[in-house]
Structure formats: C-alpha cells, structure tokens
Amino acid sequence: MSEIRVRFAPSPTGYLHVGGARAALFNWLFARKMGGKFILRVEDTDIQRSSEEMVRGILEGLEWLGLDYDEGPYFQSDNAEKHRAAAYGLLENGWAYRDFTPKEERDDATVKKVTAEAARQGKVTNPFRNLSPEESDARARSGEPFVIRFKTPEEGKTSFDDAVFDLQERDCKEIEDLALLRSDGHPLYNLSVVVDDILMGVTHVIRGQDHLSNTHKQVLIYQALGKPAPRFAHLPLILAPNKGKLSKRKHGEIVSVTTYRDAGFIPDAFVNFLALLGWSPAGTEGVGDREIFSREELINLFSLEGIHKSNAVFNFTEGDARNWTDQKALWMNAEYIKTMPMEKLFPMVKSELQRSGLWRDEYEGERRAWFERTVGLIRERARTLTDFPKHGRPYFVDDLNFEFDEAAVKKNLHKDPALKELLPQLADAFATLDEFTHDSTEALLREFADEKGVKAGLLINATRTALTGQAVGPGLFDVVAAVGKDRTVARLKHVAQLAPGGQ
RNA sequence: GGCGCGUUGGUGUAACUGGUUAACACGCCGCCCUCUCAAGGCGGAGAGCACGGGUUCGAGUCCCGUACGCGCUACCA
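Residues numbered from 1 in each chain as written. Chains lettered and ligands numbered in written order. Predicted model: local features only at pLDDT ≥ 70, side-chain atom pairs only at ≥ 80, totals over all residues. Heavy atoms only, no water.

### Brief notes about the overall build of chain A
Operational definition: The helix count covers DSSP runs of H or I at least four residues long, the strand count covers runs of E at least two residues long, and both are numbered beginning at the N terminus. Between the two quantities, the radius of gyration covers C-alpha atoms and the globule rule is 2.2 Å times the number of residues to the power 0.38. Working definition: with a 1.4 Å probe on protein chains only, accessible area under 20% of the residue-type maximum means buried, over 50% means exposed, and in between means partly exposed. Two residue types count as positive, namely Lys and Arg, and two as negative, namely Asp and Glu; His and chain ends fall outside the count. One atom stands in for each charge, and that atom is NZ of Lys, CZ of Arg, CG of Asp or CD of Glu.
Scanning chain A from terminus to terminus reveals 21 helices and 12 strands. For a compact globule of 503 residues, the expected C-alpha radius of gyration is about 23 Å, and chain A comes in at 32 Å, more than 25% above that figure. Expressed along its principal axes, the backbone C-alpha trace of chain A runs to roughly 110 × 45 × 35 Å. Residues counted as buried form 48% of the 503 residues belonging to chain A. Each charge sign in chain A was given a centre, from 67 positive and 77 negative side chains, and these centres are 3 Å apart.

This is the structure we're talking about:
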C-alpha cells in the first residue's frame, strides 16, 4: 500500500480557531498513526483576505499544539499558474466553458440572500454553456472578460464513500456550473483544492463537514481531470453553546487557540480535550471509560471509524470569568497540571514566572528542591499555568509585594483584636525554632494556641492571610515551611502593625 | 425555496450484529476528610434516548413521516 498523505489546509482569514485546530489534530493523528505524511497548505487563493500576519497566527497555533508537519507550509497561491492551466485544459477538452456574463458585485453580507433568492427561481441553463468554440474563442480574443465555468453533466449522479458519512450521492442536476477561474484569472477554491491535492499526492482528505456538499463538485473535477479522487472523511462541526456557528465576531478570543496558550493551558491537555470533541475511542478493547489520553495513546487509538456524524457543542459561558471556556477543558487542564511529571511541568512554570518577572535562576540551581516543593503545593489547586504566578507570588517575592485580599484581611486578621498581640508573639516564638519545618511549626503553633487559650484555627487562618494575603490556599504548615522562617516572622509582625488598634 | 447531513440528561460521550432498572466524564447538590480553599472518598438530582407512527415477543438501536438544528446552494474558502 502506498504512503498515506494528508493535509491541513486552512484559509488564513483569521487565527487558528478551535475547529481548525481539531481538523489539524485529526489529520495529524491519522498521519502519525498510519506512518504517513502530514502536509500544511495555506489556502490563500483569495489573496485579498489573506495576510502574512494571519498565516503567522496559524503557524503559532500549530506549533503550540505540537502538531508538526512533514511538508509545507505550501501556499496555494504559488500554484495559481497550474490551477489556471488546469482550467484551460478543461476548457480545451470540453469540460468547461467561458461565461461572458458581466460580473455582478456582491458584498459578503448580502451574498447569501441573493444567491438563495436566485436559487429559488430554479436552475437555469447558462446561456454561454453551449456557445460554439469558435465564437467563444473570438469573443475572448476581442478582450471580452469571462469566467471559466465547469460544465456539470446534465445527467447522472456523483458519489463518493465518505469514511464518516458513508455513501454520498447527488444528482448532477443539483449541481451548478461552478466557476473555476475568475474573470481576472484567479483560480477558485474548488479547482485549486483538487489540483493541489492531486499535485501533492493527497490520499485522504480529512476536513470539516461544511465541505460535504462541495465534495461532489470536487469529485466531478477529479473525473474531468482523469484522476482518482482521494478518500474523504468529513468531520462534524464544533458549535457555540446556542448550537449556532462558532465565530470570531460573535464569540471573540474564545475560539482562538492562542487564547488557550496565553491563558496557561497545557498543550497536551488541550489536544486531549479537542480529540474528544467529535471522536471517541469507542469500542476499543481495554479503553473503558478513560478520558485522559497522552499524545501517544491518542495516536494509537485514533481511527476514522471513531469520528462522529453529529456536531459537538463547545460549552462555555460568556461573561463568566471563572468558567470562561468549556469547563471540561478547564478540568482536564487542571488534571494535567496536577499529575504531569515535574520535569515536564517545570519549564512551563518557569516561562510563566519569567513572564511575570518572578523567576530567579536559583530556582533551578541551589533552591531547586525548595522550588519544586512549592510548585507541588501550587499545582494541586491550579487550573491553568497562570495560576502559578498568581497564587504563587507570596512564595516568590521577599517583600510584601503581593496582594492582600480585603475580605480575607477583614475575616482573618481584623475580626479578633487579640491577634494584634498574639501575632507578634507567635512570630517571636517561630524565630526561636532551629528547624523550621511543617511538623515543627505545627507543633509550635498548636502549643502556643493552647497556652494562650485560643483555638488553633484562629492563628492558622490569621497566619495564612499574613503570609499569603489570602483566606484560601494550601495547608498552613506547608505554606509556612515554603515561605521560610525569616519571611514568616517578618510578615506576621508586619500585619500586626496594620491591625486596627483597640477595637 | 432546493439539495445534503444530523438529533441519547445542561455539555462531551457509551450502550457488541435489536434483549437486564440507559452507562461514564465534566458541571450541579449533599456528606466525609479538615486550619481555609481545592483535591480525594462516598452518595444524590438530572435523559427513558427530538416528536409521531410502524415492524418485532422485544427498539435508543430497523422502516416511514414531522419538527428542529446545521451545511451547501458566490467571479468566498
């Protein structure tokens, strides 16, 4: 069997969105699984809409996801000459004709309505379809502008066996005489994809279901070109919570994969989440109810048969800061952060801390053990990588340059006036400890509480807020040990000064 | 309008070729743990499988119809 070759062919009309990312992922998984090649091709036929910046966005997204391509990126526009040649070839052998109808300018917004309205009138035979070659040539020679259209057969049907949607058939009379070449000579999508896929030896076309109807046109073009069509596999769509289309205009940054990168997602976690949107390893022996899969496992488990037919909803709540994206994605990310090997997590946390100016080289030198322990503390309740600088700041700064949560201060420091006296005393007691560990500090604090006749919880919560500014966080004695003796003593004394006197 | 595709709890999914009280995960609620918050453990609510017919001893699984959603119907991709 010859080599499997698949491609991801995004149009650079925006950044890499989750739908595109998932299409790229499935192509990549298939290529890796089958030992084939994964090709990246940018469909920039419509040059007016393309920009280098947008191409960069796509490349960045793929890189972050770790979807490396074996060939490319190719640019469809580079092949325009070949696409044109193909169109003229079809013109010559009678599979296409020149249409001299004057161009109608339609803007993107109204084109749907206009075309739907036109379709309502019923299909009409293009008056130029049967123009004699002589007359057609003559008019072309005279400089009259024309578009080259495919001469869709009047009889018969097209068919292909989709790997996901099974046998697809369509009557040719339902298919319009699609334009192949614009009057300005630019090749159009349906021609370009086919020619490029032939040129690149693509064996499997895995793409969004929105192309399912187009595929019939492409099948016709393959026939006209005398080439076998590849195997098609159409993916279900990813929809917004209202089951409508996911779009940049309506849903903003939430659909861009770079948003997830910047928000502190682990690439593997996002890939894992994406893989389960519209695909499942159902029926695979021994997989059971698992949902967490490493990249290698996904590659092994992946198959076109596991792809669903029905669309999936990307479930997020607009305007909810905590659940800004799909909660399962968030959960999965937390799961990865919590369980991944420290060696893999370390560099991610490092660059995150560097971004917020909290990184020190000693963290991978003499203080590495301390740093890893501290990261271990934070990771247990982190949902994204940005939680490391956010929750971790009190551990990484020497001074008091971290935020004190107002409610926490009120509840844990100001509520009981006795703390103004107790905290400095506790600080002094801590200062006497030679060995400053989880156990030794806990023993000391509890004994101190007993002596003073107060509940340990009072001091514990006050100390937590003194050391971290928060009312919530890891177990207090883990915090104390991580913050260390000097800072613990200093911070306890500091907050005591801030406490309201007397009352 | 035409053509195509789809429809299992709020979301993602499972349910071998029709055969136990429709399963799992996320989310939600409660309990336990506990110095807080998470995590973790335990338990619970939530779908009778879009709706209506049919076939069958028996249907989420097969057939027909309807509704709804989505896609295509461009000199966009």
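### Focus on the layout of surface pockets
Basically, it comes down to this: Only protein atoms enter the calculation, which uses a 1 Å grid: trapped sets of points that fit a 1.4 Å probe without letting it out are cavities, open sets showing protein on both sides within 12 Å along at least five of seven lines are pockets, and any residue with an atom within 4 Å of a point is a lining residue. Grid points are joined across faces, edges and corners, and a volume is the space filled by probe spheres set on the points. Gly is placed with the polar residues, together with every amino acid not listed as nonpolar (Ala, Val, Leu, Ile, Met, Phe, Trp, Tyr, Cys and Pro) or charged (Asp, Glu, Lys and Arg).
Size it by volume and the second largest pocket reaches roughly 440 Å³. Around the second largest pocket, the lining comprises 16 residues; the ones closest to its centre are Lys390, His391, Thr468, Gln470 and Val472. Broken down by secondary-structure element, the contributors of at least two residues to the lining of the second largest pocket are helix H14 (368-379) and helix H15 (387-396). The element best represented in the lining of the second largest pocket is H15, accounting for five residues. Considering only residue class, the lining of the second largest pocket consists of seven nonpolar, four polar and five charged.

### Points about the pairing of strand S5 (residues 147-150)
Put simply, the test is: Strands were regarded as paired on the criterion that DSSP finds at least two bridges between them.
In the sheet, strand S4 (residues 96-99) pairs with S5 via four bridges, with the strands oriented antiparallel. When the sheet's bridge partners are listed, Asp99 is paired in S5 with Val147. Of the strand pairs in this sheet, S5 and strand S8 (residues 179-181) are connected by two bridges, and their pairing is antiparallel. Looking across to S8, one finds that Arg149 is bridged to Ala179.

### Considering the side chain of His234
How we decide: Residue contacts follow a heavy-atom distance rule, with two residues in contact if any of their heavy atoms lie within 4.5 Å.
If you trace the backbone, His234 turns up in strand S10 (residues 231-235). Apart from residues no more than four positions distant in its own chain, His234 is found in contact with Phe160, Asp162, Val164, Phe165, Arg207, Gly208, Gln209, His211, Leu212, Thr215 and Ile307.

### Some points on the pattern of salt bridges
Test applied: Criterion for a salt bridge: a side-chain nitrogen of Lys or Arg within 4 Å of a carboxyl oxygen of Asp or Glu.
Applying the stated criterion across every chain yields a total of 36 salt bridges. Residues Glu372 and Arg368 are paired through a salt bridge, measuring 2.8 Å at the closest nitrogen-oxygen approach. Of this pair, Glu372 and Arg368 both sit in helix H14, four residues apart, which is roughly one turn of that helix. Take Glu372: its relative accessible area is 26%, and that puts it in the partly exposed class. Here the salt bridges share partners, and the residues they tie into one network are Arg7, Arg41, Glu43, Asp196 and Asp197.

### Focus: the protein's contact with RNA strand B
In plain terms, the rule: Definition of nearness: a residue and a molecule or strand are near each other if at least one heavy atom of the residue lies within 4 Å of the molecule or strand. Two N or O atoms count as a polar contact when they lie within 3.5 Å, although within protein this holds only if one can serve as hydrogen donor and the other as acceptor, and sequence-adjacent residues are included solely when both atoms are side-chain atoms.
The local shell around RNA strand B holds 65 residues, among which Gly278, Ser280, Arg381, Arg464 and Gly473 are the closest. Near-protein atoms of RNA strand B (within 4 Å) split between backbone and bases, with sugar and phosphate holding 67%. The backbone of Glu43 places a nitrogen or oxygen atom 3.3 Å from a sugar or linking oxygen of RNA strand B. Contributions of two or more residues to the surface near RNA strand B are made by helix H4 (108-120), S5, strand S7 (166-171), helix H7 (212-225), strand S12 (312-313), helix H12 (327-339) and helix H19 (456-468).

### Considerations on H12
For clarity, the cut-off: Here a helix's expected span is defined as the number of its residues, less one, multiplied by 1.5 Å.
Along its 13 residues, H12 runs 18 Å from first to last C-alpha, staying within 8% of the 18 Å computed at 1.5 Å per residue. Turning to H12, its buried residues number three or more, namely Ala329, Leu330, Met332, Asn333, Ala334, Tyr336 and Ile337. Those residues of H12 that are buried lie in contact with helix H10 (267-275), helix H13 (342-355), H14 and H15. Residue Asp326 occupies the N-cap position of H12, its side-chain oxygen lying 2.9 Å from the main-chain nitrogen of Lys328.

### Observations concerning the packing of aromatic side chains
Put simply, the rule reads: Between rings of Phe, Tyr and Trp, where Trp is taken as its six-membered ring, a pair exists when centres lie within 6.5 Å; planes separated by under 30 degrees are stacked, by over 60 edge-to-face, and by other angles tilted. Only lysine NZ and arginine CZ atoms are considered, and such an atom sits over a ring when it is within 6 Å of the ring centre and within 35 degrees of the ring normal.
Taken as a whole and judged by the stated rule, the model has 27 aromatic pairs. Centroid distance Trp95 to Phe150: 5.5 Å. Interplanar angle 20°. Geometry classified as stacked. With a gap of 55 residues between them, Trp95 in the loop between helix H3 (80-92) and S4 and Phe150 in strand S5 connect regions that are remote in the sequence. Judged by centre distance (5.7 Å) and plane angle (65°), the ring pair of Phe100 and Phe146 falls under edge-to-face. On the criterion of sequence distance, the pair formed by Phe100 in the loop between S4 and H4 and Phe146 in the loop between helix H5 (133-141) and S5 is long-range, its members being 46 residues apart. For Phe100, a relative accessible area of 4% puts it in the buried group. Here the aromatic residues Trp64, Tyr260, Phe265, Phe270, Phe273, Phe314, Phe316 and Trp324 are joined through ring pairs into a cluster of three or more. In this structure, Arg367 is placed above the aromatic ring of Trp370, and the distance from its NZ or CZ to the ring centre is 4.0 Å.

### Quick notes on the sheet that holds S4
Under the convention used in this document: Helix axes are fitted only over the stretch in contact, all axes being lines through C-alpha atoms; the angle between N-to-C directions runs from 0 to 180 degrees.
The antiparallel open sheet is built from three strands, whose spatial order is S4-S5-S8. With partners counted over all chains shown, the strands left at the sheet margins are S4 and S8, one partner each. Across the sheet, the axes of successive neighbouring strands diverge by a mean angle of 40°, strand direction being ignored.

### Looking at the packing of H3 against helix H6 (residues 189-199)
To keep it simple, the criterion reads: These descriptions rest on fixed angle ranges, namely under 35 degrees for roughly parallel, over 145 for roughly antiparallel, 65 to 115 for roughly perpendicular, and the rest for oblique.
Following both chains from N to C, one finds H3 and H6 inclined at 105°, their axes separated by 10 Å at the closest point. If you check the angle between H3 and H6, you find them roughly perpendicular. Facing Lys82, His83, Ala86 and Ala87 of H3, the residues of H6 in contact are Leu191, Ser192, Val195, Asp196 and Leu199. Per-class residue counts for the contact of H3 with H6 are five nonpolar, two polar and two charged.

### Observations regarding the side chain of Thr488
Counting through the fold element by element, Thr488 comes out in helix H21 (residues 485-498). A polar side-chain atom of Thr488 sits 2.5 Å from the main-chain carbonyl oxygen of Gly484. Beyond its immediate sequence surroundings of up to four residues, Thr488 is in contact with Phe430, Phe436, Leu467, Val480 and Val483.

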